[in-house]
Amino acid sequence: MLANAEKLETMRSLWMYNCSVSSEACKLLAQKLAGFNVEVIDERGHPDTRPESCLVEKLYIYRTVSGRRFDTPA
């Protein structure tokens, strides 16, 4: 996903469920895609309590017109 991040630029949004993407990769993807919000939705608890290599449960990537969200974890 990281290697082909530029292909996501043509999409408006992407929803992934039970994906093989690590928490660390999601953070790198968010840095790479400045015009998108990358949200990790995990009902198993707060993502920061697990190792960076832990796979995410749900991933939602969407184009933003109003800029990055300010209510995201550090």
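Structural data are supplied above this passage.
Residues numbered from 1 in each chain as written. Predicted model: local features only at pLDDT ≥ 70, side-chain atom pairs only at ≥ 80, totals over all residues. Heavy atoms only, no water.

**Observations regarding the overall build of the protein**
Per the secondary structure count, the protein includes two helices and three strands. Listing every helix and strand of the protein by position from the N terminus yields α-β-α-β-β. Per-residue burial over the protein gives 30% buried out of 74 residues. Contacts spanning at least 24 positions in sequence make up 69% of the contacts within the protein whose residues lie at least 6 apart. A total of about 5,100 Å² of accessible surface is found on the protein, and carbon and sulfur atoms cover 55% of it. (Helix = DSSP H or I, 4+ residues; strand = E, 2+ residues; numbered from the N terminus. Buried < 20%, exposed > 50% of the residue type's maximum accessible area, 1.4 Å probe, protein only. Contact = heavy atoms within 4.5 Å. Areas by Shrake-Rupley, 256 points an atom, 1.4 Å probe, with all protein chains shown as cover.)

**Focus: the packing of aromatic side chains**
What describes a pair of aromatic rings is the distance from one ring centre to the other and the angle between the planes of the rings. Considering all chains together, one arrives at two aromatic pairs under this definition. Every member of this aromatic cluster is reached through a ring pair, and the members are Trp15, Tyr60 and Tyr62. (Phe/Tyr/Trp six-rings, centres within 6.5 Å; stacked < 30°, edge-to-face > 60°.)

**Details of the environment of Thr10**
By secondary structure assignment, the location of Thr10 is in the loop between α1 (5–8) and β1 (13–17). We classify Thr10 as exposed; its relative accessible area is 73%.

**Overview of the side chain of Glu57**
Mapped onto the elements of the fold, Glu57 is located in the loop between β2 (36–41) and β3 (58–63). With residues up to four places along the chain from it excluded, the contact list for Glu57 reads Met16, Tyr17, Asn18, Cys19, Ile41, Asp42, Glu43 and Arg44.

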